[in-house]
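Structural overview for review
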Amino acid sequence: MKPDTTDPLAASTAGEFLGAWLKTPLLDGAERETFNEYYASYVRLWDRYIETQYSRQLKRLMELADSAEKFRLLDLGCGCGIEALWVAYRTGASVVGQDLRADRLRTAARCLETMRGRSGRPLQVEFRRGNLFETAEKEAFDAVWMQQTFHHIEPRAEAVEKIASLIKPGGYAAASEPNAWNPLIQLNFFRQRGFRTIKTYTDEDGIEHLYGNERILTPQSLSRAFARGGVVKRRVEYFRALPNAAWARRFESLERRLPSWAAPFFTHYTYIGQKR
């Protein structure tokens, strides 16, 4: 029997989980509008290829969460909360999702309420609004996860030190990022923002925050940055050679035949580092 792809509780992968939220009217009103804006490219095109690639982004994080009896995770820049909910639901981890955007956090809270109601489980998830640099924790996290988030955090050098301070010794920093080695990614972002790679974001309270304007970086640069904060690279995995466009699906078989040396030019990568 095929799994019910419209029910997030029936999902066996992160891609199926997000796909259920994209395909069904589990959200409405302002929360649906915010969700669709946040996942705009996936709303335009969500298919098997993107579903698979999305799942690959979270594969190593899920393995870390599954390997521990108790796992406490900070999902930094959690957006609408889908990754936080997936990790908590599948592994039983305790997850804190943090973001600057109040509208996204309202959507995340609605998703959490829906998940709790449908599953009958409490789920150890807390969503909160805040700037990374103002985050204060009595208990360090087993891991900090950043899904397409790190390249937005400024100032970068201070961000690495702060993130490292939130991780317990032996814990992990994990990030999924656009790959600065990919020329098409670079061209697309340059068309969007020109040379202005740092700007300010004003939140709903009128407070200004520095914001990386698609200031993407290579995995080598990310690894060096975290190494200066005492976090040592354990793994970098590249994924997705094709853009999220219908015409690109004609070249999917070509992607599977690409040699291993081409992987560093793929559009995205996942970094895993461990704190000394």
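Right, let's walk through the structure included here. Since the model is a prediction, treat every value here as computed from it, not as a measurement.

What follows concerns the side chain of N244. By the element assignment, N244 lies in the loop between β8 (231-239) and α10 (252-256). Polar contacts involving the side chain of N244 include one to the main-chain carbonyl oxygen of L45, which spans 3.2 Å. In this structure the side chain of N244 is engaged in a polar contact, spanning 3.1 Å, whose partner is the side chain of R249. Sequence-distant contacts of N244, defined by excluding residues within four places in its chain, comprise S41, Y42, L45, I50 and R249.

The subject of this paragraph is the environment of G120. If you trace the backbone, G120 turns up in the loop between α6 (102-119) and β3 (125-129). Linking G120 and E237, residues 117 residues apart in sequence, is a C-alpha distance of 36 Å.

What follows concerns the pairing of strand β2 (residues 94-99). With 5 of 6 residues buried, β2 is to be regarded as a mostly interior element. As paired strands, strand β1 (residues 72-76) and β2 are joined by 5 bridges and run parallel to one another. What sits directly across from D75, in β2, is G97. Summarising the sheet, β2 and β3 pair through 5 bridges and their orientation is parallel. Bridge assignment links G97 to a residue of β3, and that residue is F127. Chirality of the crossover, the property in question, places the unit of β2, α6 and β3 among those that are right-handed.

Take a nonpolar patch on the surface next. Nonpolar side chains collect at one region of the surface, where W247, F251, L254 and L258 lie side by side and expose about 390 Å² of accessible area between them. Within the element layout of this structure, L254 appears in helix α10.

Within helix α7 (residues 156-165) the residues assigned to the buried category are R156, A159, V160, K162, I163 and A164. Looking at the buried residues of α7, the elements they touch are β1, β4 (141-147), β5 (167-178), α9 (219-228), β8 and β9 (268-275).

With that out of the way, let us pick up the packing of helix α5 (residues 82-91) against α6. Between α5 and α6, the shortest axis-to-axis distance is 10 Å and the interhelical angle comes to 25°. Classed by the angle they form, the pair α5 and α6 counts as roughly parallel. The hand of the α5/α6 crossing is right-handed. On α6, the residues that touch I82, L85 and Y89 of α5 are C111, L112, M115 and S119.

Quick look at the packing of helix α1 (residues 14-23) against α5 now. As a packed pair, α1 and α5 sit with axes 10 Å apart at the nearest point and diverge in direction by 125°. In terms of orientation, α1 and α5 fall into the oblique class. Of the two elements, α1 crosses α5, and the hand of that crossing is right-handed. When α1 is examined against α5, the residues A14, F17, L18 and W21 are found in contact with a partner set consisting of I82, L85 and W86. Residues that form the contact of α1 with α5 fall into these classes: 7 nonpolar, no polar and no charged.

Across a sheet, paired strands are connected by hydrogen bonds in the backbone, their directions being either parallel or antiparallel. If you trace the 7 strands from one edge of the open sheet to the other, you get β3-β2-β1-β4-β5-β9-β8, paired in mixed fashion. Strands at the two margins of the open sheet, each flanked by one partner only, are β3 and β8. Within this sheet the neighbouring strands show an average axis-to-axis angle of 15°, counted without direction. In the sheet, β4 pairs with β5 via 6 bridges, with the strands oriented parallel. Bridge pairing links A143 to Y172 in β5. With respect to the sheet, α5 is in contact with β1, β2, β3 and β4, its orientation differing from that of β3 by roughly 160°. The strands that α7 touches are β1, β4, β5, β8 and β9; relative to β5, the one it contacts most, it runs at about 135°.

Cut-offs applied
- Residues numbered from 1 in each chain as written.
- Predicted model: local features only at pLDDT ≥ 70, side-chain atom pairs only at ≥ 80, totals over all residues.
- Heavy atoms only, no water.
- Helix = DSSP H or I, 4+ residues; strand = E, 2+ residues; numbered from the N terminus.
- Polar contact = N/O pair within 3.5 Å; in protein donor to acceptor, adjacent residues only side chain to side chain.
- Contact = heavy atoms within 4.5 Å.
- Buried < 20%, exposed > 50% of the residue type's maximum accessible area, 1.4 Å probe, protein only.
- Pairing = 2+ DSSP bridges.
- Right-handed = clockwise from strand over helix to strand, strands pointing away.
- Patch = residues over 30% accessible without salt bridge, like charges linked within 9 Å, V, L, I, M, F, W, Y side chains within 5 Å.
- Areas by Shrake-Rupley, 256 points an atom, 1.4 Å probe, with all protein chains shown as cover.
- Salt bridge = Lys/Arg side-chain N within 4 Å of Asp/Glu carboxyl O.
- Axes fitted to C-alpha atoms, helices over the stretch in contact; angles between N-to-C directions.
- Parallel < 35°, antiparallel > 145°, perpendicular 65-115°, else oblique.
- Left-handed = near helix turned anticlockwise from the far one by under 90°.
- Nonpolar A, V, L, I, M, F, W, Y, C, P; charged D, E, K, R; others polar.

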